[in-house]
Structure formats: structure tokens, C-alpha cells
Amino acid sequence: MRRFFGICCTAVLAALLASCASAPQGGAHTADSASVSIAPMAFAPIRPLPSDDIMAFPGQRRGLAGRTIRVGAIQDIVLARGEVVLTFDDGPVPGRTTAILDALERHNAKATFLMVGQMARNHPHLVREVASRGHTIGSHTQNHPNLAGMSFEAAMADIEAGERSIAAALVPTRHSASPFFRFPYLADTPALRRHLAARGSVVIDVDIDSKDYFQSTPAQVRERTLQMLERRGSGIVLFHDLHQRTANMLPSFLDELQSRGFRVVHLVPARSGPLLALAAPDT
């Protein structure tokens, strides 16, 4: 599945990154076969609730807004049934990212945007817009390579370059990026995971892959994602804000989440620091 995921994502993202002619080239992409592996997809734990009425939430609701979870390690993301974390990879992209922000705002939902450094450098105003609307910003490398096929040194260089590009886009503001990170193509190595954890980064894994990188209609993306979410009961959902179909699908998807009693959980960093500042204050 990850191989196909990588092929599909590469075809779309390459077209957008091709315009980044001024992007600096990363280090030599050499395979380190002794240390490379692709770990199984990690799932956010589901906390059992005492009642069978798992989708009932007492009190007044404001759209889809749910809890805020302060995250210092992946183990902090413990979701109850009916709780959803929305994540968007590979952006920002003019038009599409803003449409997604508008849909989220109408439903009072906060998301995590894992940005590619080249895209952030080309569209810094969109990075700032995501932050100003109170969403959490994390990183997704500079050039979106398959890090599992690179040397450790080259992989870390690309990760760090992506962080610098995002940080530079936010310099004119009071906002800064979170320490959240996602591996492109979900392709990791144990060595990279250990190093990222040691430096204070939090790898955000995926429970529900919307597969919005497939050639699908917005309705197909919506129904596929809802079916997986209903079956699992909760989880971290992967979308991509570089696809028009995702921007078109999101309003009706959020409507369905609300009608089915789900709540959207907002992930924010657990502590402050050079890499650990929240994109915007809690709202």
C-alpha cells in the first residue's frame, strides 16, 4: 500500500515542486540498506468509554470543536470513540489551502498542517494564514523525498531544511511552528524515529488514510473516509491540501462528521521552546 501511496503522491507533488527552481538541493540520496526499514503504521490508542452511547456528547456544542490535547510524545494522543484529528499534508497551495481553512472555520474545527518546506517558501503568506487562523503547523521535509531510501545524514538534512523554510515564513509574525513531523509516504526508519524523538520532535502517524491522492471524485473520498472512520470509531485522518478534490469534499465531510456526532480534536505542543511553540493560542 505504501509503495502505491508513494507513486500516487509523487506524480502530483512533483508537478508543484517543479516550479521551485530556486530550491536548494539536499545531500546525496544514498541508500543505507543496513538501517532502512518501513515500520508498521502506528495507531492512536482508543480509550474505552463506559457507555455504549459512544457518539453522545453532553453540553452545548460549537460546531465540531472538541478537546485540545497537549502533545509532547505520540503516546499523549489518546482518543475516545467519536474523536477525530484532521491532518493535511504537502501544502500550502494557493486557493486549495484557503478553501480548506474556510471550511474548517465554518465548523469551528482546528487541524494540523504538515507542510513541505518548498511549498512554504513559495507561499509564505499561506503559512502565515494557517497560523493566524489558529491551526497547528508541523513539518513534512523540504523536498518530500522517501527518507527510508536515503542515508541518515541526507534525510536529516532534508528534514531540517524543511523546518527552516517554515520558520522563515513565520518570521514576520508572532507565530511559530510546532515540533510535529510526518514522514513522506509514511516511510520511516528506526534510526530516524529515535533521533527525532531525542531532539523533541513528535512524529504524527496516521490511523485513517483518505487516499485522496487516488483519482477519485470528492464524494468517493468522503464516503471512503467516513466508512473507515465509522469502522474504527476514532483516529488521525490523513488528507492533502494540494488536491482540489479534497478542498471540494471537505465541507460535506465536516457536515457528516457533525451529523454523526464526531468531534474534532486539536493537537498542540505540550511545552514551549525553540521548536515547541504553538502556532496560535488556544481558542
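Just above sits the structure.
Now for a quick tour of the structure. (Residues numbered from 1 in each chain as written. Predicted model: local features only at pLDDT ≥ 70, side-chain atom pairs only at ≥ 80, totals over all residues. Heavy atoms only, no water.)

## Looking at the packing of aromatic side chains
Tallied over the full model, the rule gives five aromatic pairs. Both rings, one in F88 and one in F113, keep their centres 5.2 Å apart while their planes meet at 20°; by these two values the pair is stacked. You can see F88 sitting in strand β4 (residues 83-89) and its partner F113 sitting in strand β5 (residues 112-115), a full 25 residues away along the chain. An angle of 80° between the planes, with centres 5.1 Å apart, marks the rings of F181 and F183 as edge-to-face. Taking relative accessible area as the criterion, F181 reaches 1% and is therefore assigned buried. Residue class for F183 comes out buried when judged on its relative accessible area of 3%. Aromatic ring contacts, followed pair by pair, group F88, F113, F239 and F253 into a single cluster. (Phe/Tyr/Trp six-rings, centres within 6.5 Å; stacked < 30°, edge-to-face > 60°. Helix = DSSP H or I, 4+ residues; strand = E, 2+ residues; numbered from the N terminus. Buried < 20%, exposed > 50% of the residue type's maximum accessible area, 1.4 Å probe, protein only.)

## Quick notes on the packing of helix α4 (residues 124-132) against helix α5 (residues 152-170)
Between α4 and α5, whose axes approach to 8 Å, the crossing angle comes to 75°. One finds that α4 runs roughly perpendicular with respect to α5. Residues P124, V127, R128 and A131 of α4 pack against I166, A169 and L170 of α5. Grouping the constituent residues of the contact of α4 with α5 by class yields six nonpolar, no polar and one charged. (Axes fitted to C-alpha atoms, helices over the stretch in contact; angles between N-to-C directions. Parallel < 35°, antiparallel > 145°, perpendicular 65-115°, else oblique. Contact = heavy atoms within 4.5 Å. Nonpolar A, V, L, I, M, F, W, Y, C, P; charged D, E, K, R; others polar.)

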